[in-house]
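Chain by chain, the residues:
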Amino acid sequence: MSQDDEIIEMMRCPIDGTRIITRWRCENGHEFKETNGILDFLTENVESHELLERVAPIYESLWAPLGLSLTAGTSYSSLMSSAASSMGERHLDVGTGTGKLFDYGKCRVCVGLDVSLRFLSYLKKKRPNVIAVRADARRLPFKDSSFDSASSLFVIHMLDDPSLAVQEIHRVLKDKGRAVLTVMTDNNVIDKILSRWWGLSLRSYDYYLGVLTRYFEVDKARKMGAWSYFEVVKS
């Protein structure tokens, strides 16, 4: 099976869950598009944060490394290395941004998903072998048990209901599949400043731990400054 055929076989319509039968139309006739190598399966107008859009050109080289060093007391590269260490044959990175994570691990089918066309355009320029998918983390356009591993770094705390993204990641992972998540949590004064800046309603470390234990076995969990880091296994 070619990789193109494999991707078609993995994908599902985010509207009704039916199979994708051709590039890119589902069994019930819903059509999606591919533009400049980006598969666009976004069904609603979900926008990326305006500030993130503006810093996209310097996100992986300056914004994220400096921001993480100041707010988490750890380096961007060390966190990425940890997150990529459990990368399997098929890997999904939810909220991938420019896809920097894929520089730190190996996967045969590497899928980066985001709502931002701008970030996904940078991903395709820098990492053309990564499959770029524009879609909503709450409605992942993939069939059940499609991926060996998954990640979502610095993203799902920005959703109104992060549990929906956790549930979707669980759905598309294979049994015993591993996932890594980092989220901003209500840990200290830094996260309170950041949450006001970003306009977020922060949730606690215990909230995310509770959500994750509904769907996964939690292997590792720790606070790191304004953030919390979780490694989980689908049991």
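Residues numbered from 1 in each chain as written. Predicted model: local features only at pLDDT ≥ 70, side-chain atom pairs only at ≥ 80, totals over all residues. Heavy atoms only, no water.

> When you look at the packing of aromatic side chains in this model, what are you seeing that I'm missing?
Aromatic ring pairs: the centre-centre distance and the angle between the two ring planes describe each pair. This model, assessed by the stated rule, comprises seven aromatic pairs. A ring pair is formed by tryptophan 24 and phenylalanine 41, whose centres lie 6.1 Å apart and whose planes are at 75°; its orientation type is edge-to-face. In this pair, tryptophan 24 is assigned in the loop between β1 (20-22) and β2 (25-26) and phenylalanine 41 in the loop between β4 (38-40) and α2 (50-55), connecting sequence segments 17 residues apart. Overall, the relative accessible area of 6% leaves tryptophan 24 in the buried class. On the basis of relative accessibility, which here comes to 1%, the residue phenylalanine 41 falls in the buried class. When the centroid spacing of 5.2 Å and the interplanar angle of 80° are considered together, the rings of phenylalanine 154 and tryptophan 227 count as edge-to-face. (Phe/Tyr/Trp six-rings, centres within 6.5 Å; stacked < 30°, edge-to-face > 60°. Helix = DSSP H or I, 4+ residues; strand = E, 2+ residues; numbered from the N terminus. Buried < 20%, exposed > 50% of the residue type's maximum accessible area, 1.4 Å probe, protein only.)

> Whenever I open this one, the state of the cysteines confuses me. Can you help?
In a disulfide, the sulfur atoms of two cysteines are held together by a covalent bond. Enumeration according to the criterion identifies one disulfide in this entry. Across a sulfur-sulfur distance of 2.1 Å, cysteine 107 and cysteine 110 are joined as a disulfide pair. The sign of the 125° torsion about the S-S bond sets the cysteine 107-cysteine 110 disulfide as right-handed. The exposure classification of cysteine 107 matches that of cysteine 110, with both residues buried. With no disulfide partner, cysteine 13 has as its closest neighbouring cysteine sulfur the one in cysteine 26, 3.8 Å distant. Taking relative accessible area as the criterion, cysteine 13 reaches 4% and is therefore assigned buried. (Disulfide = S-S within 2.5 Å.)

> What is the right way to look at the packing of helix α3 (residues 59-72) against helix α7 (residues 189-198) in this model?
A pair of packed helices is characterised by two quantities: the angle between their axes and the separation of those axes. For the pair α3 and α7, the least separation of the axes is 11 Å and the interaxial angle reads 140°. Relative to α7, α3 is oriented oblique. Contact residues: Trp63, Leu70 and Thr71 in α3; Ile190, Leu194, Trp197 and Trp198 in α7. By residue class, the composition of the contact of α3 with α7 is six nonpolar, one polar and no charged. (Axes fitted to C-alpha atoms, helices over the stretch in contact; angles between N-to-C directions. Parallel < 35°, antiparallel > 145°, perpendicular 65-115°, else oblique. Contact = heavy atoms within 4.5 Å. Nonpolar A, V, L, I, M, F, W, Y, C, P; charged D, E, K, R; others polar.)

> What is the right way to read the pairing of strand β8 (residues 147-153) from this model?
In summary, the side chains of a regular strand alternate between the two faces of the sheet. With respect to burial, β8 is a largely interior element, six of its seven residues being buried. Of the strand pairs in this sheet, strand β5 (residues 90-94) and β8 are connected by three bridges, and their pairing is parallel. Bridging from a neighbouring strand, histidine 91 pairs with serine 149 of β8. Pairing analysis gives six bridges linking β8 to strand β9 (residues 173-184), with the strands arranged parallel. (Pairing = 2+ DSSP bridges.)

Honestly, that's just the spatial picture; any functional story needs more than this.
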